[in-house]
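What the coordinates show
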Amino acid sequence: MLSIVIPAKNEELRIGNTIDKIVQYCSNNEMQFEIIIVIDHSDDKTAETAKAMYSDVKILVNTEKKGKGTSVKLGMLHAIGDYILFSDADLSTPIEELDKFFQYFNESYDIVIGSRKLKDSKVKIPQPLFRKISGDIFASLRSAIFLPDIKDTQCGFKCFTKKAAKNIFSKQKIAGFSFDVEILYIAEKLGYKIKELPVVWINDARSKIKPLNDSFKMLAELIQIKINSIMGKY
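Residues numbered from 1 in each chain as written. Predicted model: local features only at pLDDT ≥ 70, side-chain atom pairs only at ≥ 80, totals over all residues. Heavy atoms only, no water.

**Some thoughts on the overall build of the protein**
- Looking only at helices and strands, one finds eight helices and nine strands in the protein.
- A globule of 234 residues ought to have a C-alpha radius of gyration of about 17 Å, and the protein, at 17 Å, matches this closely.
- The principal-axis extents of the C-alpha atoms in the protein amount to approximately 45 × 40 × 35 Å.
- Going through the 234 residues of the protein one by one, you find that 50% of them count as buried.
- At a minimum sequence separation of 6, the contacts of the protein that also span at least 24 residues come to 78%.
- As displayed, the protein offers around 11,300 Å² of accessible surface, 54% of which is attributable to carbon and sulfur atoms.
- Here the protein carries 35 positive and 30 negative side-chain charges, and the mean point of each set is 5 Å from the other. (Helix = DSSP H or I, 4+ residues; strand = E, 2+ residues; numbered from the N terminus. Rg over C-alpha atoms; globule rule 2.2 N^0.38 Å. Buried < 20%, exposed > 50% of the residue type's maximum accessible area, 1.4 Å probe, protein only. Contact = heavy atoms within 4.5 Å. Areas by Shrake-Rupley, 256 points an atom, 1.4 Å probe, with all protein chains shown as cover. Lys, Arg positive; Asp, Glu negative; His and termini not counted. Charge placed at Lys NZ, Arg CZ, Asp CG, Glu CD.)

**Some remarks on the side chain of Asp 180**
- Along the chain, the position of Asp 180 falls in helix H7 (residues 179–189).
- Of note is the side chain of Asp 180, whose polar atom sits 2.7 Å from the side chain of Lys 158.
- Ignoring anything within four residues of it in the chain, the contact list for Asp 180 reads Phe 86, Thr 153, Gln 154, Cys 155 and Lys 158. (Polar contact = N/O pair within 3.5 Å; in protein donor to acceptor, adjacent residues only side chain to side chain.)

**What to know about the layout of surface pockets**
- Considering only enclosed or pocket space, the second largest pocket measures out at about 210 Å³ in volume.
- As for the second largest pocket, its lining consists of 14 residues, of which Asn 17, Lys 21, Asp 90, Leu 91 and Asp 204 are closest to the centre.
- Per-element tally for the lining of the second largest pocket: the top contributor is helix H1 (residues 12–28), with five residues.
- Here the lining of the second largest pocket is composed, by residue class, of five nonpolar, four polar and five charged. (1 Å grid on protein atoms, 1.4 Å probe; cavity = no way out; pocket = protein on both sides within 12 Å on 5 of 7 lines; lining within 4 Å. Points joined across faces, edges and corners; volume = space filled by probe spheres on them. Nonpolar A, V, L, I, M, F, W, Y, C, P; charged D, E, K, R; others polar.)

**A look at the pattern of salt bridges**
- In the structure shown here, the tally under the stated rule is seven salt bridges.
- Residue Glu 97 pairs with Lys 100 through a salt bridge whose shortest N-O separation is 2.8 Å.
- Between Arg 116 and Asp 152 there is a salt bridge, with the nearest N and O atoms lying 2.8 Å from each other. Highlighted residues: Arg 116 in the loop between strand S5 (111–115) and strand S6 (122–125) and Asp 152 in the loop between helix H5 (129–145) and strand S7 (157–161), separated in sequence by 36 residues. Grouping residues by exposure puts Arg 116 and Asp 152 together as buried.
- If you follow the salt bridges from partner to partner, you end up with Glu 11, Arg 14 and Asp 90 in one network. (Salt bridge = Lys/Arg side-chain N within 4 Å of Asp/Glu carboxyl O.)

**A short note on the sheet that holds S7**
- The sheet built from seven strands is open, its strands ordered S3-S2-S1-S4-S7-S5-S8 with mixed pairing. Both edges of this open sheet fall to strand S3 (58–62) and strand S8 (194–198), since each of them pairs with a single strand only. Ignoring which end each strand starts from, the neighbouring axes of this sheet average 20° apart.
- Summarising the sheet, S5 and S7 pair through three bridges and their orientation is antiparallel. Counted as the bridge partner of Ile 111 is Phe 160 from S7. (Pairing = 2+ DSSP bridges. Axes fitted to C-alpha atoms, helices over the stretch in contact; angles between N-to-C directions.)

**Description of helix H6 (residues 162–169)**
- Residues of H6 that are buried include every one of Ala 164, Ala 165, Ile 168 and Phe 169, and no others. Down the axis of H6, the sector holding all buried residues measures 100°, keeping them to one side. (Arc of directions from axis to C-beta.)

Interpretation in functional terms is not warranted from these geometric data alone.
In structure tokens:
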């Protein structure tokens, strides 16, 4: 069984199309599946739109503004699938890219992550220049501190075995966007096998990321991850 966890903040206009594509994909591949939408302090009709599109969708709600990391953690710990994918609400990485992941689970990998920065990655619509520059700076700083062998920690398309997901996310501390770095760092410390794969990626111009503000927050979170590690919290 496959669980798909989607963090969502004010995604009323996109969530219906995303759910439709996921349901079609899983049905075409005769998969048992569940979709979990984690609402993070939304003030629109994301939940109602999701339910109208797929009545069996599971809706979880963060009643406080806690951030993407907290939303993903909540969904991953509630998921019941043998494999648990978390994906961005805009499906910037198309759900069909999951096809290539299962080969590596069969080869005893515990985690398979999408990457926009490998040789065969296909970035069909790139990010705006400022976001790309800030992302490259973050990646350089991150790789100097954590996970030097992983090219892209921030692609929002990562799949875990159930055992790995429960173990890793139960230890997650970071609530913001750097949670991706933290969970992969925890996975590495725990000895889980990680495979990074090139994927198709299509930037959505409606992204809610604020490059300057969020970049500073992410750098602060990297420092917190390092402190947590030194203090033995992982």
